[in-house]
Every structure is written in C-alpha cells, then in structure tokens.
Amino acid sequence: MEIRYTSAAQWADARDGVIPAPYALEAGESITDRYLEPVVFHNENGPDIGVTTCGVIVRDGLYFKDMDNSGELVPYKDWRLSPEERAKDMVAHLRLDQQAGLVLNTLFNTPVVPTRAAATGADGKLEMSKIYKHHDPDEKPIPGPLPGMTMSIDDADVLDKHITAGVYRGDMHCEAGMVALYHNAGTQMLEYEACKGGVAIPYSLHTNPINIGYPDSLGIGAAVLGDGNADFVYEMADTDRKMMKAEGLHIMYGPQVDVATDPRWPRTNGTYGERTDVTSDITEALIKGYQNGDDGLNEGSVVLTVKHFPGDAPSENGFEPHVPIGQWRIYRTPGSMEKYHLPPFQRAFDYKASSIMPDYSRIAADGRAVPQTYRGEVTSTEAVPSAYSKELLTDLARNKMGFDGYINSDSGITSVQIYGVEDLTVPQRYAKAISAGTDVIGGNTDPENIIKAVEDGLLPKADLDRASYNRLLSLFRTKRVDNPYLDPDQADQARQDNFDGAKKKAYEANQKAVVLVKNHGGVLPLAKEKKVCIVTFKGVDSGFAKMAQAMGAGLGSADADEALRKTLAEAFEKKGYTVVATPEEADVLYLHVRPISNGVVFYQFAMPVIEMGEIVTDEREINKSQKKTGKQVTVTTLKDVEKIRELADAIHARGGKVVGTCVVNNPWLLDKLEPYCDALTIQYTVSTVALNNALNAQVDVISGDFAPTGKLSLTMVSDPAVIAITEQEIDGVVREICASPNDVPGYDKDLYIDPAILAGVRGGSYAYCDADGNYYRSGFGLNY
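Residues numbered from 1 in each chain as written. Predicted model: local features only at pLDDT ≥ 70, side-chain atom pairs only at ≥ 80, totals over all residues. Heavy atoms only, no water.

> When you look at the overall build of the protein in this model, what are you seeing that I'm missing?
Of the regular secondary structure elements, the protein holds 19 helices and 28 strands. At 27 Å, the protein has a C-alpha radius of gyration in line with the 28 Å of a compact globule built from 784 residues. Taken along the three principal axes of its C-alpha coordinates, the protein extends 90 × 65 × 50 Å. Relative to all contacts within the protein whose residues are 6 or more apart in sequence, the contacts with residues 24 or more apart total 75%. Accessible surface, the protein: about 27,400 Å² in total, of which carbon and sulfur atoms supply 48%. Separation of charge centres in the protein, based on 78 positive and 111 negative side chains, amounts to 2 Å. (Helix = DSSP H or I, 4+ residues; strand = E, 2+ residues; numbered from the N terminus. Rg over C-alpha atoms; globule rule 2.2 N^0.38 Å. Contact = heavy atoms within 4.5 Å. Areas by Shrake-Rupley, 256 points an atom, 1.4 Å probe, with all protein chains shown as cover. Lys, Arg positive; Asp, Glu negative; His and termini not counted. Charge placed at Lys NZ, Arg CZ, Asp CG, Glu CD.)

> Any chance you could explain unusual backbone geometry here in plain terms?
Note: most residues except glycine have negative phi, and most peptide bonds are trans. In the segment running from G254 into P255, the intervening peptide bond is cis, with an omega of 5°. Structurally, P255 is set in the loop between β10 (249–252) and α7 (276–290). The omega torsion of the bond from F309 to P310 falls at 0°, within 30 degrees of zero and hence cis. Notably, N69 is not glycine yet its phi reads approximately 55°, a positive angle. If you trace the backbone, N69 turns up in the loop between β6 (62–66) and α1 (83–93). A relative accessible area of 33% places N69 in the partly exposed class. (Buried < 20%, exposed > 50% of the residue type's maximum accessible area, 1.4 Å probe, protein only.)

> So what exactly am I meant to see when it comes to the packing of helix α6 (residues 231–247) against helix α14 (residues 488–513) here?
Describing two packed helices takes the angle between their axes plus the distance from one axis to the other. Viewed as axis vectors pointing N to C, α6 and α14 meet at an angle of 160°, and their least axial separation amounts to 8 Å. Considering the angle they form, α6 stands roughly antiparallel to α14. The element α6 and its partner α14 pack so that their crossing is left-handed. Contacts from F232, E235, T239, K242, M243, A246 and E247 of α6 reach α14 at Q490, A491, A494, R495, N498, F499, A502, K505 and A509. For the contact of α6 with α14, the residue count by class is 8 nonpolar, 3 polar and 5 charged. (Axes fitted to C-alpha atoms, helices over the stretch in contact; angles between N-to-C directions. Parallel < 35°, antiparallel > 145°, perpendicular 65-115°, else oblique. Left-handed = near helix turned anticlockwise from the far one by under 90°. Nonpolar A, V, L, I, M, F, W, Y, C, P; charged D, E, K, R; others polar.)

These figures come from the coordinates and say nothing about function on their own.
In structure tokens form, the structure reads like this:
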C-alpha cells in the first residue's frame, strides 16, 4: 500500500481542486486484469483517503474521496459530516441497480489461493485471477446446499450484479494477508463503479464465527457458568476483533444467542446453552469485545449480526427450518418467548448490537401453540418466517425492544424458506421482506428481482431507501468509506500477534469448560502411575456434516480415530501415565465417546435422535415434510455401543476403573454410558483449531492438574418417555406432540410434563439422574 501524500500542501496546485485517480484503464483493459496497489492520502486531522480508480477532491487543505469522480464535494463525500447525514445523501446518489446489489450478500467467498506467495506471478506482481475468481461463462455453477443457491462466486457478482458483500468461508486456512487482498480486490472492482456513473461503495466480508482456540459455544457457556462471569469472553472477542478488522472480516454472522430448548434441535451446538441469564451475559461481553465498546459502532468495531431473532430453538420436535420439514416454531407455554427466548436479544439491543438476523421458522398460530406476548402485547400472529414479519422486525424488535441497527436475513428466504408466502412471486417476496423491515438478504444473487419489485410498484422505493440507508450507516459509523483498503502485511502481523497471544488464555478457557458430572468413590484425580487403555467410540457421520459446518452449523471436525487416540495418548503420557494397547493390561479404561446426531441441517430424513447406538426410526419425506414415508431407517449415533458395557464389566472384574468423556453437541441419553463409568466428564468442543486444547484439558482434569469448575450448559435427558411423541388431532389435523414442551429449557421442563410420566422415570425428572443420585441439569458440575 502506497502512502503518496502526507498533507494537501504537498499538492499545492490542487489545494482547491481534484487530484486525478492514480490508475486509469488503458484501451481494452479490464479492472480484473491486474491488482491495483491502493494509494493513500493522509489527512493530518482526519481520515486517510484510499483510492485506486477514484480521484481525490482537495478543499481547504483537506482530502476527500471523489466516490463518483464528479469533482463535486457533496455531503456523502464529506467526512466532516455525521454518518447519518452522509448515509442519507449517498442513498440519494445510488443507482437502482446499485441499491439492489447493496442489500444482497453472496454466500461462499474464498480467495482462489490461500497465500500471497501463491498469488504472485513470476514477475513478482500479484495476479488478480489468483485472488478473486474470474467469471467463466462456460463453467457450470456449483450448486449450493439449498435449491436456488450456488457456491460459484466470482467477479461477475461484483461487476455485473453490483453485490457489495459476501460471506468468507476460508476459516483459518488462508493467510490473513490473503484475505485482506481478497477484500481489497472486491473494493477495487466496486470502486470502478465510479468510472461508469456509479458510486464507490466499500466491499464487505462477513464470516461465521471462527474458533481461535477457545471452547466451542456450549463450552463457553459451561465455563461462564463455572466462573460466574463472562470476563474471558470479552477478552476473546477483543482479541478476535483485532485480527478480523486487519484482514477485512468486518461483519460476523453471529453470535447465535438462541436459548436451547428442544434437545433434538440440530443447531443447539451453536448456542451457549439453555440458561437465559448466562446467554445474556455472554451476549453483552461479545458486543463489548467485538464492537469495541458498549456505545454502538465505531472505527474499531466488527459488526455483529445477533441471531436468530426472536429465537429459533422452539423447533417442532427438533426439525430444523432451513428446509420445509422444520418450518414450525411451537410455543406451547404461556409467556415462554418473553421469559426464555427474548432476554438475550433485549440485552443485545440495550448494548447497541449493530445487526440482527431473523430466524427461518414461522410461528404456529393453531392449536399447537398459545399466543406470545412481550410487555403485555401480542408479539405476532402472521405465520410467516421472521424475515417476512413486520410484527416481529419492526413492531417488536425496533419499536418495542429498541433495536437500532440493520436486519440481515439468513440465506434462501426467497427460494426455500417461503413458508406462508409460497403463492407470491419472487419480486413480491422481496417486496414483502424488505417492507417488513429486512434490510439485507443473505445468500441471494438476483438483484434483478429487487429492481423489478420497485419498477412494478410492488416495493415502495422508500422501503428500499431505508434498507440501503441502514446498510450504509454501518459502513460510515465504522469509518470504512473514505479508506476501505487494507495492508496485507499488517493483517498477517495482527494474526500473528493476537493469535499467538491468545493461546494461553484459550487453553485456560478450555480447562474451565470441562464439566465433571460423576466421580464415584473419588476415583478422580487419577493417580499418575496408572496404566491406561484408551478406547474411542463415535457415531456415523451422515456425509453432510462438512457442508453443514461450512454454512455455520458447527458440526465439528472429522478427525480420524487414529489421530484422536494419538493426541489422547500423548496427553496421558505427558502426565506420567503409561498408555497400554489392550484393556487386559490396563488399570484404567478411558472411554472417549462422541455420539453424532442425525439432525443435520441440510439433510433431514428423520426426527433427530438423541439415544446412543443404532436406533430404528421412521423415515420422513426428506427435507420436505414430516410426513412418514412408511419406511424405517437406522440411525447410528454411536457405533458398537454394546462394547462399552462389555469392556467396563471386564475391567471392573479385575478391580480396575472406567473413566469416560462424552462429547456433547446436544443433550444425550446417557443410560448406555454413565452406569458403566466410575468417573465421567463432558467435552463440548470439536472445532479443528480448538480440539487439541479440549482433549488435553480433559486429561488435565482427570489427572488433577486442573480442579474442575465447569457446569453443564445443557440438561441431559433422563428417558425416552420425557421426549416421547404422541399423535393428537388438533384443529382437525393429526399432529405429533412431544411429552415435554419444545419452548422450555430442560431445567424447567418438569413444570410442564405430565406427573404420571415423571413418576415412571428414574429420578422422577426430565433431567438425567445418575447412579450416585446426581441430576444432570444445566448448572450442575462437581468439584474435587
């Protein structure tokens, strides 16, 4: 990045004029032919001005970016004015096609190559085609996980469709400097709009949360419950913010603050658990850390997109609403929305969260549910997804709860999640969503439908102007408009400094996330001279988990069993244990158990199962509806589960002990594991970057090198009877009703379950009761 001028006095001839753009295309040249090194003009008492194909206006010795190359200093170019004044004026200068692109996001954005070295040609120059994928009209688009969605993102989306933002999918696999280059390339293409009668808008990269070594979300909830505060969460967010800002990841699609209530729901693993107060405290800490304070957006902020408003967890019996099979959100309990689901969002709004994402699902307004109120007023009555609901977005979030940011829908709302709006055309769907209060539509690349909605009178221009204003306001508040370009060297340095510096604190957080739920006879801490045999158990991955994780579902890594056992063996050996190959040689059998649910976001063929083993269940119309096909399918949540008892009985017969760890991404029925363990710990983390931390932290607790403090963030389920499904006719339709309400967290479900059911369950509760009489409710955890 070139710093060309340090003060306007050095450009005396243009003290009150225009400095031409540093780059101009030659005849036959395309803006995608070469990467243009940004040129920065420094204002001594104002923002830097970064340009490639835009000129610079000089007035009164100050530099201003000429974002339309008109030479006129209009309000949106004048950094001395407020963000509100500038955003309002910019909207008035945008073409309709620019506005349509401004309110869309592409979904699968990743640099072509992961390193700057790989993007550099033999001549030592960066090659644009190795940074941002070039459009090939003969190349067939790669279909995405949902109909109407594509994974083929290229420069045509920016240049032809004028889409100004995309979701980065490179995780930590790309160099930070390479991500910064990708961001700069997008901005370079958008700035070229100024050469064609448009306005230069910065390019924005979103990202789903990227783990930097801290526990996964449920583990964060467990650690915060143990600490009694969310201080380390703020430190994590503040560290992550600095890296994200440097590499151009200015917007996070998160945090996911849904309060977990149905144990089968596939997205429980992205939540912080089922405690409303804990989730609210974490939300506050994340906002302060990522947004660089608690007073709204500023130059150092990462924009947070708090999701999924008003809380997506009350899904009908665990089906997930990305696809029609899970379209219903069921509130069976009076007041449950206000008591359990809205408080984290209210906390977010109180601390000026910059964006929210509505959920996919729609409320059931029939006999399955009861009306929900907030501060005495009914929240919503229209059975449409929340992105289409004016009652929820405008009346509830903005007018009653005080939200003052922009609203970004999740992906696929106009093509897949069209529940209740099936009869509308695509332009009509856009019109309804935007007029309801949605400002940005995620995952769509069809701005022509927004243009048509306006031109056909379906979408009032004032509503599109509002959406454009809200989107632009975040850019002005974070001071990204005048110089949106980034220094790749600084990006690499920021990652090195912050990522390395966070490693110790991230490891400590993983230790805090370990929950000890059973310690029969005080078997832990485990004496270090013991011989330990490690046996791992795992469920069968459906094959769709990687795709779901790419979309943010957080289903975890697919590490080979051999690598897992090696990591565990090394961890035990470092503590002084002798790791032996067979149970017959061992004093202690260590079981690492990772069940895997069939509740995959993009492939729903049966009701999610939370029992361990091979479970035969009814097949449903895949992704389409909950209608049973008449066939049965086998779901293997844990392979060879019967061997747990065999191995435990054998080692117990020889006087040995069994120590187990259960990986919990959603609540599990533990009856095929816990009874055979003398000690049992819970592991929540499976993310690749943090997995070794999580495994070693388990061994720290087992060995006594760290006294456990973590508390369960989820309630474990006691018996199939408490989540059993019965068919009941409601309003003339046969419905499947759960024995416990979908909208109430596990720790409170006993209040709403038929006492006759609880009387037949060990411990008499929804919460699992172990052999020592301990109840595995959220908030429970043993200490030494």
